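# Geometric and topological summary
Spelled out, the chains give:
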Amino acid sequence: MAAMATCAVHAILNRDREEVRVPSPFGQPLLEYLDRRGLHGNLHSDRAGDLITLDGEPDMGRVRLVLDNWEHSSAAGIASGSSL
């Protein structure tokens, strides 16, 4: 249980393809988080995890900032025992 408290979800941003990869089942909560911040996309799942393809041509610096905030909030949620 202690190892889980220090675990954090890390989103991998592919700037060239405007995609974000996260482990399953974190794709749907991340897509909802991005959508609330005005970044829209589509979710696809495969054996490697969840892949979000972002719509349009978003500012990748802004996307990274939003992902960093999501990672920080998801780590805090895991440590406190709450769900995403």
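Rules and cut-offs
Counting from 1, residues in each chain are numbered in the order their sequence is written. Side-chain atom pairs in this predicted model are given and counted only at pLDDT of 80 or more, local residue features only at pLDDT of at least 70, and totals for whole chains, interfaces and linings cover all residues. Excluded from the side-chain calculation are hydrogens and water; included are all heavy atoms of the structure. Two strands qualify as a pair provided that DSSP identifies no fewer than 2 bridges between them. Only runs of H or I of at least four residues qualify as helices and only runs of E of at least two qualify as strands under DSSP, and these elements are numbered from the N terminus. To define axes, lines are fitted to C-alpha atoms, for helices over the stretch in contact only, and angles between the resulting N-to-C directions are given on a 0 to 180 degree scale. Note on contacts: a residue pair qualifies if any of its non-hydrogen atoms lie within 4.5 Å across the two residues. Working definition: with a 1.4 Å probe on protein chains only, accessible area under 20% of the residue-type maximum means buried, over 50% means exposed, and in between means partly exposed. Starting at the helix axis, one direction is taken to each C-beta atom, and the arc is that of these directions.

### Some details on the sheet that holds strand S4 (residues 49-54)
If you walk across this open sheet you meet the four strands as S1-S2-S4-S3, and the pairing is antiparallel. Bordering the open sheet on either side are strand S1 (12-14) and strand S3 (41-46), each of which pairs with just one other strand. Neighbouring strand axes in the sheet, compared pairwise and without regard to direction, differ in orientation by 20° on average. Judged from the four bridges that link them, strand S2 (residues 19-22) and S4 form a sheet pairing that is antiparallel. Each residue of the ladder has a partner; that of Val-22, found in S4, is Asp-50. Contacts from helix H2 (residues 27-36) reach S2, S3 and S4 within the one sheet, and its direction differs from that of S4 by about 25°.

### Quick word on H2
Where H2 is concerned, the buried positions are Gly-27, Leu-30, Leu-31, Tyr-33 and Leu-34. All buried residues of H2 fall inside an arc of 160° around its axis, so they share one side.

### A word on the pairing of S3
Two elements, S3 and S4, share six bridges in a ladder whose sense is antiparallel. Looking across to S4, one finds that Asp-46 is bridged to Gly-49. In this antiparallel pair of consecutive strands, S3 and S4, the connection spans two residues.

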